[in-house]
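Reading the structure
Given next are the chains, with one letter for each unit.
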Amino acid sequence: MLKQIKVYLKLTVLVALTLVGVLVVYYNRNHRVDVWFFRTFESINVLWLILCIVGGTLVSWWLLSLSVGVWRDVRELSRSAAERTREEEQATRARLLEEKEKRIDEKLKQALGDESRDH
């Protein structure tokens, strides 16, 4: 029941938005507006102005979302590089610790071997 209400509500909103769009186009089809295009004022149809604004907004939104995605990817790459560096340092430290343990074991074996020869 709740899902059905949601679907009908979405459909109603979609139809209302479409109707608003059609009404905006219908009532502004003959209107013109003076717009400054960096040099002179030009008289253009309002619908073209609306279309340009919508296009510019969509392109701006797309560029912004693309930039956010790229920024997120750069941060992820940076984190993974730092993690790789930490892993390499940890592997180096583990190898050095193993070498120290081997040297200590060899010294202990030598000391025990020398001690057993003394007796």
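Calculation criteria
- Residues numbered from 1 in each chain as written.
- Predicted model: local features only at pLDDT ≥ 70, side-chain atom pairs only at ≥ 80, totals over all residues.
- Heavy atoms only, no water.
- Helix = DSSP H or I, 4+ residues; strand = E, 2+ residues; numbered from the N terminus.
- Rg over C-alpha atoms; globule rule 2.2 N^0.38 Å.
- Buried < 20%, exposed > 50% of the residue type's maximum accessible area, 1.4 Å probe, protein only.
- Areas by Shrake-Rupley, 256 points an atom, 1.4 Å probe, with all protein chains shown as cover.
- Pairing = 2+ DSSP bridges.
- Patch = residues over 30% accessible without salt bridge, like charges linked within 9 Å, V, L, I, M, F, W, Y side chains within 5 Å.
- Salt bridge = Lys/Arg side-chain N within 4 Å of Asp/Glu carboxyl O.
- Phe/Tyr/Trp six-rings, centres within 6.5 Å; stacked < 30°, edge-to-face > 60°.
- Lys, Arg positive; Asp, Glu negative; His and termini not counted.
- Charge placed at Lys NZ, Arg CZ, Asp CG, Glu CD.
- pLDDT = per-residue confidence, 0-100.
- Contact = heavy atoms within 4.5 Å.

Our next topic: the overall build of the protein chain. For the protein chain, the helix and strand inventory stands at 2 helices and 2 strands. In the protein chain, the succession of α and β elements from N to C terminus is α-β-β-α. In terms of overall size, the protein chain is more extended than a compact globule, its C-alpha atoms giving a radius of gyration of 37 Å where 119 residues would be expected to give roughly 14 Å. When its C-alpha atoms are laid out on the principal axes, the protein chain stretches across 115 × 55 × 10 Å. Expressed as a percentage of the 119 residues in the protein chain, the buried residues total 5%. When the accessible surface of the protein chain is split by element, carbon and sulfur atoms take 64% of a total near 11500 Å².

Once that is clear, we can look at the pairing of strand E2 (residues 41-45). As paired elements, strand E1 (residues 32-36) and E2 share 5 bridges and run antiparallel to each other. Looking across to E2, one finds that Asp34 is bridged to Ser43. Between E1 and the antiparallel strand that follows it, E2, lie 4 residues; Phe38 among them carries a positive phi value of about 70°.

On the surface, a cluster of nonpolar side chains totalling about 550 Å² of accessible area is made up of Val59, Trp62, Leu63, Leu66, Val70 and Val74. Mapping Val59 onto the fold places it in helix H2 (residues 46-118). Of the residues examined, Val59 reaches a relative accessible area of 47% and is grouped as partly exposed.

On to the packing of aromatic side chains, then. All told, the structure shown has 2 aromatic pairs when counted by the stated rule. Pairing Tyr26 with Tyr27 gives two aromatic rings, centres 5.2 Å apart and planes at 75°, and the pair type is edge-to-face. Relative to Phe38, the ring of Trp36 has its centre 5.4 Å away and its plane inclined at 55°; by these criteria the two rings are tilted. Owing to a relative accessible area of 49%, Trp36 belongs among the partly exposed residues under this scheme.

Together, Glu98, Glu99, Glu101, Asp105 and Glu106 give the surface a local cluster of negative charge. Asp105 sits in the partly exposed class, given a relative accessible area of 43%.

This part takes up the confidence of the model for the protein chain. Looking at the protein chain, pLDDT values average 92 and 97% of them are 70 or higher. The secondary-structure element of the protein chain with the lowest mean pLDDT is E2, recorded at 86, while helix H1 (residues 2-27) shows the highest, at 95.

Here Asn45 is to be found in strand E2. When its relative accessible area of 15% is taken as the criterion, Asn45 is described as buried. Filtering out sequence-adjacent residues up to four positions away, Asn45 remains in contact with Asn28, Arg29, His31 and Arg32.

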